[in-house]
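Descriptive structure summary
The lines below spell out each chain.
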Amino acid sequence: MPTLYLAHLYAAEMNVYGDRGNVIALRQRCAWRGIDLRVTPIAPGEQHDWSRFDLAFFGGGQDSGQALVATDLFECQGPGLRTAVEDGLTLLAICGGYQLLGHYFLTHAGERLPGLGLLDVYTIAGKQRMIGNIVVESELAGTRVKLVGFENHSGHTYHGPGVRSLGRVVVGYGDNGEDRVGGAIYRNVYGCYLHGSLLPKNPQFTDHLIALALQRRYGSAFPLAPLESDLELQAQQAMLARLL
Ligand code: GLN
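This write-up is about the structure you can find in this document. The structure displayed is predicted, hence computed values, not measured ones. (Residues numbered from 1 in each chain as written. Predicted model: local features only at pLDDT ≥ 70, side-chain atom pairs only at ≥ 80, totals over all residues. Heavy atoms only, no water.)

Description of the overall build of the protein
- Broken down by element type, the protein carries 6 helices and 12 strands.
- Radius of gyration (C-alpha) of the protein: 17 Å, near the 18 Å computed for a compact globule of 244 residues.
- For the C-alpha atoms alone, the extent of the protein along its principal axes is close to 50 × 45 × 30 Å.
- Put simply, of all contacts in the protein between residues at least 6 apart along the chain, 69% involve residues at least 24 apart.
- Total accessible area on the protein is roughly 10,300 Å²; 53% of this is exposed by carbon and sulfur atoms.
- When the 20 basic and 23 acidic side-chain charges of the protein are each reduced to a single mean position, those positions are 3 Å apart. (Helix = DSSP H or I, 4+ residues; strand = E, 2+ residues; numbered from the N terminus. Rg over C-alpha atoms; globule rule 2.2 N^0.38 Å. Contact = heavy atoms within 4.5 Å. Areas by Shrake-Rupley, 256 points an atom, 1.4 Å probe, with all protein chains shown as cover. Lys, Arg positive; Asp, Glu negative; His and termini not counted. Charge placed at Lys NZ, Arg CZ, Asp CG, Glu CD.)

What to know about the site of the ligand
- Around the ligand lies a shell of 15 residues, among which Asp-63, Gln-66, Cys-95, Gln-99 and Gly-155 are the nearest.
- For the ligand, a nitrogen atom lies 2.9 Å from a polar atom in the side chain of Gln-66.
- A distance of 3.0 Å separates an oxygen atom of the ligand from a polar backbone atom of Ser-154.
- In the complex, the protein chains occlude 97% of the 290 Å² of accessible area that the ligand would expose alone.
- For the shell around the ligand, the elements supplying multiple residues, two or more each, are helix 2 (63-86), helix 3 (96-101) and strand 8 (143-159).
- Sorting elements by how many residues they give to the shell around the ligand places strand 8 first, with 4 residues.
- Counted by class, the shell around the ligand contains 2 nonpolar, 11 polar and 2 charged residues. (Near = heavy atom within 4 Å. Polar contact = N/O pair within 3.5 Å; in protein donor to acceptor, adjacent residues only side chain to side chain. Nonpolar A, V, L, I, M, F, W, Y, C, P; charged D, E, K, R; others polar.)

Some thoughts on the pattern of salt bridges
- Across all of its chains, the model carries 9 salt bridges by this definition.
- Put simply, Glu-86 and Arg-187 hold a salt bridge, and the shortest N to O gap is 3.9 Å. Of this pair, Glu-86 sits in helix 2 while Arg-187 is found in the loop between strand 11 (184-186) and strand 12 (189-192), placing the two residues 101 residues apart along the sequence.
- Here Arg-216 makes a salt bridge to Asp-87, at a shortest N to O gap of 3.3 Å. Of the two residues, Arg-216 sits in helix 5 (residues 203-218) while Asp-87 sits in the loop between helix 2 and strand 4 (90-94), which places them 129 residues apart along the sequence.
- Taking relative accessible area as the criterion, Arg-216 reaches 25% and is therefore assigned partly exposed.
- When its relative accessible area of 53% is taken as the criterion, Asp-87 is described as exposed.
- Within this structure, Arg-29, Arg-33, Asp-207 and Glu-232 form a network of salt bridges that share partners. (Salt bridge = Lys/Arg side-chain N within 4 Å of Asp/Glu carboxyl O. Buried < 20%, exposed > 50% of the residue type's maximum accessible area, 1.4 Å probe, protein only.)

So, the side chain of Thr-206
- As for its placement among the helices and strands, Thr-206 is situated in helix 5.
- For Thr-206, a relative accessible area of 0% corresponds to the buried category.
- Here Thr-206 is in contact with Ala-25, Leu-26, Arg-29 and Leu-199, once residues within four sequence places are set aside.

Side note on the pairing of strand 7 (residues 121-140)
- Here 2 bridges tie strand 5 (residues 104-106) to strand 7, and the two strands are oriented parallel to one another. Among the inter-strand pairings, Leu-106 is bridged to a residue of strand 7, identified as Ile-124.
- Sheet topology places strand 7 next to strand 8; 16 bridges connect them, and they run antiparallel. Note on strand 8: the bridge partner recorded for Ile-124 is His-156.
- Where strand 7 folds back on strand 8, the antiparallel hairpin that results is connected by 2 residues, among which Ala-141 adopts a positive phi of roughly 50°.
- Pairing geometry for strand 7 and strand 10 (residues 167-171), over 4 bridges, is antiparallel. Counted as the bridge partner of Val-135 is Val-171 from strand 10. (Pairing = 2+ DSSP bridges.)

So this is what it looks like as structure tokens:
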């Protein structure tokens, strides 16, 4: 049975709007295909060998949760995580986690939380929170998909030339409420503001991440097996019909 290893960064400190559901969706869609996804929660202060992970997930959090983990992320996990990303690790980060993968997050209170700089983005808190349902039109491995989610953030995130955009915001605010950019991509790292949880609502994205991880570990030996997703896709369509 193929096995994949997932690191769940700061599961206790960074989990708002059911972001943990992303890990559950990854594990379940792996299990349905006979892939054993083993999850390792990563808490502040722990040392881990990042070279053994195929996937990583970093959820959103309050500014206070981000302040709790920012230094650990930078000092403790940073070096290993950086190397793993350059080596093709598949990583999904949502909202507060996304912000901490950028260069920095300047909070409301004027505190400058250091980011990893893995993604060429930076974030500045605005006065007004950006809250509501969101639709981002994206292209995943050549297939167009409208991703649905829910956003709630004060941070405005701006992109530098080192990232590609995950997609165009069709409904909602997205990264900064100004340029309709929704999320960033660097190598196999994906950051965006879509809570929801994102992956249970968007099985195409879940499968895209699993396919990337399988490809890296097993090459062509274990291509992603097709999976019936009628119910998930109906739910996604129902949400799109409501919003568009
Ligand atoms: N604290 C950050 C903000 O408000 C992130 C919020 C979140 O992860 N939902 O911008």
